[in-house]
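Spelled out, the chains give:
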Amino acid sequence: MLVAVLILILSTALFFFYFQVTCQRILGRQFDREYFQSIANANRLEFPSLRKSLEEFDAPLDYSRLRMMLKCDFLALTYLLKNAANVNQRYSHEERLLILYFRWQFLSLALRRLLRLRENKAILKLTAVLQYFANVVGERVNAVKFGNLTAADYLLNL
Amino acid sequence: MDSSIASYVLQYSGYLIEGGLLLYLAWTKQWKKQRGIIFYLTALLVAELGRAYAGCEYGLSSRQYFYVYWCTDFPLVLSTFLLVWLFFRRACCQEERMWRYIRLVLALAVLLVAGISAATLSSNQHSLFSFFTVEFNQNLYFTCLVLNTLLYILLQQIQSTDEQLGLLVCGVGVQFAGPAAALALDHLTGGEQFAQSLVPSIMRLCTLGMLLVWGYAITHVKASKVVSRNPVLAEIHVD
């Protein structure tokens, strides 16, 4: 019985470990350029400034505003992933996995808040996912040629 | 009705992805580089199709299906161990001395599992086949999970540049960890209907998860460059 309990705990922990590690490896993908900044500027997304303020200044944040900010950026980017320069109008498998990962980290942020633990790590993981989505959108839009339109101009016309 | 439809969708999606991956590897001529993956996927596909046939022909609660299931599980678990072995080999391709020790540890691990499984036979001599097969298979699956985790830690320690191998190892981890937890839960609850119905669903979901991670790793991520230590030899590219 004890062995079965140990196997259950260890296997469950390892399952979540491998899930997290797989998502981190997908997020570690290198893009040929930093597309996310132009996408964030075109759509007035706030995650780059949030990430900067946490990494460089470790500034204190208003929790409710932070949650709203992340949620709005997530909804905007998931819409763009599906609709901007996407022939299939569907999420890819890794995008679905990262969407699940984002939701899991969002829940983890709420739990950390409840248990009064440090939230910065969870926030940085969430912004990393958003940055990846923005880079994917930027890469796709960049691959589409629309005369003299830049990626930002194309997105504003969507 | 809905749960059986979902179950069929998972089952047939798995077959399609396995077949698709094998075709992709054949088309891109990666027989030598990805022999572990090809061997495991072939064993998995053959086992699953065999079980599906036996299930349809004799019924899921028949004796024939029981024997087909556990007889196909035995070569499948051995091919799983072989897969982990080949991943370790790939990780240690530039560390021959380390590979000699790891090879010994892996051989000892499988002998230990066989020994522990055989030692418990004394209390179950009336159901020799079923007990040994089930016990050995489950013990070796859990051992492969632990070995896979050790392999992941090894990849971090040696700072391996093989990103593809890292993702393949993560896929294997997802494939083993979920079912191991579900089987342990089934064992703890003494075969409660809820736990028993959970085990096949979790197994299919985790297998599907592994296949999707492998699909991403094989199609989107390049394997690392292997540079010979001998300065006289030319650089060898593995992509």
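Note that the coordinates shown come from a computational prediction; the quantities given were computed from them, not determined experimentally.

Visitor: Got a minute to help me understand the overall build of chain A in this structure?
Guide: Counting its secondary structure elements, chain A contains seven helices and zero strands. Starting at the N terminus and walking to the C terminus, you meet the elements of chain A as α-α-α-α-α-α-α. Burial status across chain A gives 32% buried among its 158 residues. For chain A, the proportion of contacts with a sequence separation of at least 24, taken over those separated by at least 6, is 69%.

Visitor: So what exactly am I meant to see when it comes to unusual backbone geometry here?
Guide: The phi torsion of most residues other than glycine is negative, and most of the peptide bonds are trans. Even without glycine at this site, Arg116 of chain A takes up a positive phi of about 55°. Of note, Arg116 of chain A is situated in the loop between α5 (93-114) and α6 (120-143). A positive phi is found at Lys29 of chain B, a non-glycine position, where the angle reads about 55°. The residue Lys29 of chain B is located in the loop between α1 (2-27) and α2 (35-58) in this model. C-beta crowding within 10 Å serves as the criterion here: with 8 such atoms nearby, Lys29 of chain B is assigned to the exposed category.

Visitor: Honestly, the environment of Leu211 of chain B in this entry has me stumped. Any pointers?
Guide: You can see Leu211 of chain B is positioned in helix α7 (residues 193-220). Beyond its immediate stretch of four places on either side in the chain, Leu211 of chain B contacts Gly14, Ile17, Glu18 and Leu21 of chain B.

Visitor: Sorry if this is basic, but what is going on with helix α6 (residues 163-188) of chain B here?
Guide: Three- or four-residue spacings in an α-helix give side chains the same orientation, since the helix completes a turn every 3.6 residues. Residues and elements named next belong to chain B. The end-to-end C-alpha distance of α6 is 38 Å, a good match for the 38 Å that 26 residues give at a rise of 1.5 Å each. For α6, the tally of buried residues reaches 23 of 26 residues, placing the bulk of the element in the interior. Phi for Gly190, located one or two positions after α6, is positive at around 65°.

Cut-off values and rules
Residues numbered from 1 in each chain as written. Chains lettered and ligands numbered in written order. Predicted model: local features only at pLDDT ≥ 70, side-chain atom pairs only at ≥ 80, totals over all residues. Helix = DSSP H or I, 4+ residues; strand = E, 2+ residues; numbered from the N terminus. Buried ≥ 20, exposed ≤ 12 C-beta atoms within 10 Å, placed from the backbone. Contact = placed C-beta atoms within 7 Å. Expected span 1.5 Å × (residues − 1).

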